[in-house]
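Chain by chain, the residues:
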Amino acid sequence: MMTPVLTTLGFVRHPDGEHVLMVHRIARNDDDQLGKYNGLGGKVEPGEDAATGMRRELWEEARLQVDAMRLRGTVSWPGFGRHGEDHFGLIFVIDRWHGDIPDANEEGPLSWQRIDELDALPMWEGDRYFLPLVFDETIPQFHGCIPYQDGRPTGWTYSVLA
């Protein structure tokens with residue numbers, strides 16, 4: 001039986017609809033994601049539901065408060081962790097928000113990146129599988145699985161829910 005680390009991953013849309021807030025993880029040399037771009041998020045805390053966890057992470061990482069967000073899907077990452085731990089992530093899009101986003105957080109600089117150019121950024125190899133689904137408005141919701149071995153994805157499967 002899988003006992004995954006429960007995480008959130010949020011993609012904050014710019015009001016122009018063409019950009020998304022990303023963190024470039026270059027601040028800590030001990031970071032497992034050093035050099036990679038990623039959305040915002042993290043582990044869901046004990047006693048916290050996933051939506052509350054997403055809101056908390058967005059406040060901690062970008063000083064923004066959520067006005068509207070949607071669950072776009074989930075991704076299971078068996079074997080993803082540093083020591084082979086399984087991770088399970090709830091993927092959100094934040095459509096409306098307010099706050100003054102800082103230039104950086106403890107993980108690195110925050111910047112607005114074009115959604116249609118995300119695939120050119122250095123990121124987790126597996127993120128390239130599900131990111132197109134996150135921003136495809138013709139897909140109501142997706143649920144995927146990206147098994148990892150030795151830090152690399154070994155496959156990708158997903159289902160779409162209407």
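Rules used throughout
Residues numbered from 1 in each chain as written. Predicted model: local features only at pLDDT ≥ 70, side-chain atom pairs only at ≥ 80, totals over all residues. Heavy atoms only, no water. Helix = DSSP H or I, 4+ residues; strand = E, 2+ residues; numbered from the N terminus. Rg over C-alpha atoms; globule rule 2.2 N^0.38 Å. Contact = heavy atoms within 4.5 Å. Areas by Shrake-Rupley, 256 points an atom, 1.4 Å probe, with all protein chains shown as cover. Lys, Arg positive; Asp, Glu negative; His and termini not counted. Charge placed at Lys NZ, Arg CZ, Asp CG, Glu CD. Phe/Tyr/Trp six-rings, centres within 6.5 Å; stacked < 30°, edge-to-face > 60°. Buried < 20%, exposed > 50% of the residue type's maximum accessible area, 1.4 Å probe, protein only. Lys NZ or Arg CZ within 6 Å of the ring centre and 35° of its normal. Core = buried A, V, L, I, M, F, W, Y, C linked by side-chain atoms within 4.5 Å. Pairing = 2+ DSSP bridges. Axes fitted to C-alpha atoms, helices over the stretch in contact; angles between N-to-C directions. UniProt positions renumbered as here; feature names shortened; annotations may be inferred.

Mind showing me how you'd approach the overall build of the protein chain here?
What the protein chain contains, in helices and strands, is 2 helices and 12 strands. What you see in the protein chain, going N to C, is helices and strands ordered as β-β-β-β-α-β-β-β-β-α-β-β-β-β. For 162 residues, the compact-globule estimate of 2.2 N^0.38 gives 15 Å, and the C-alpha radius of gyration of the protein chain, at 15 Å, lies within 12% of that figure. The long-range share in the protein chain, meaning contacts at least 24 apart out of those at least 6 apart in sequence, stands at 61%. When the accessible surface of the protein chain is totalled, it reaches about 8400 Å², and 50% of it is carbon and sulfur. Counting 15 positive and 27 negative side-chain charges, the protein chain places the centres of these two groups 1 Å from one another.

Is there a simple way to think about the packing of aromatic side chains in this case?
When we look at a pair of aromatic rings, we describe it by the centre distance and by the angle of the planes. Counted by the stated rule, this structure contains 9 aromatic pairs. Arranged with centres 5.7 Å apart and planes meeting at 75°, the rings of Phe-11 and Phe-135 form a pair that is edge-to-face. Of this pair, Phe-11 sits in strand β1 (residues 5–12) while Phe-135 is found in the loop between α2 (127–134) and β9 (141–145), placing the two residues 124 residues apart along the sequence. Overall, the relative accessible area of 14% leaves Phe-135 in the buried class. Relative to Trp-112, the ring of Trp-97 has its centre 5.9 Å away and its plane inclined at 25°; by these criteria the two rings are stacked. Placement of Trp-97 in strand β6 (residues 87–99) and of Trp-112 in strand β8 (residues 108–114) is noted, with a sequence separation of 15 residues between them. Of the residues examined, Trp-112 reaches a relative accessible area of 29% and is grouped as partly exposed. Within the aromatic cluster, the residues linked to one another by ring pairs are Trp-77, Phe-80, Trp-124, Phe-130 and Tyr-148. The aromatic ring of Trp-124 is capped on one face by Lys-36, whose charged end is 4.5 Å from the ring centroid.

How should the nonpolar core be read in this particular structure?
Soluble globular proteins tend to bury their nonpolar side chains together. Counting 24 residues, the largest nonpolar core has Phe-11, Ile-91, Phe-130 and Val-134 as the members making the most contacts within it. Of all the secondary structure elements, the ones that give two or more residues to this core are β1, β2 (19–24), β5 (64–77), β6 and α2. Apart from residues lying up to four places away in sequence, Phe-11 is in contact with Val-20, Met-22, Gly-39, Ile-91, Phe-92, Val-93, Ile-94, Leu-131, Val-134 and Phe-135. In this structure, Val-12, Leu-64, Leu-90 and Trp-97 belong to the second largest nonpolar core, which totals 16 residues.

What am I meant to see in the sheet that holds strand β12 (residues 157–161) here?
Strand pairing in a sheet relies on backbone hydrogen bonds. The paired strands run either parallel or antiparallel. On the basis of which strands lie adjacent, the open sheet formed by 6 strands has the order β4-β1-β6-β5-β9-β12 and mixed pairing. At either end of the open sheet lies a strand with only one pairing partner, and these are β4 (40–43) and β12. Averaged over all pairs of adjacent strands, the angle between their axes in this sheet comes to 25°, without regard to strand direction. In this structure, β5 lies alongside β9, joined through 4 bridges in parallel fashion. Residue pairing across strands places Val-75 opposite Gly-144, the latter belonging to β9. Sheet strands in contact with α2 are β1, β5, β6, β9 and β12, and its direction is about 135° off that of β5.

I'm lost on the UniProt feature "domain: Nudix hydrolase" (unreviewed entry) in the protein chain in this one. Help?
On the UniProt side, "domain: Nudix hydrolase" (unreviewed entry) is annotated at positions that read residues 3–136 here. The span residues 3–136 is 16% helix and 42% strand, and its two end C-alpha atoms sit 30 Å from each other.

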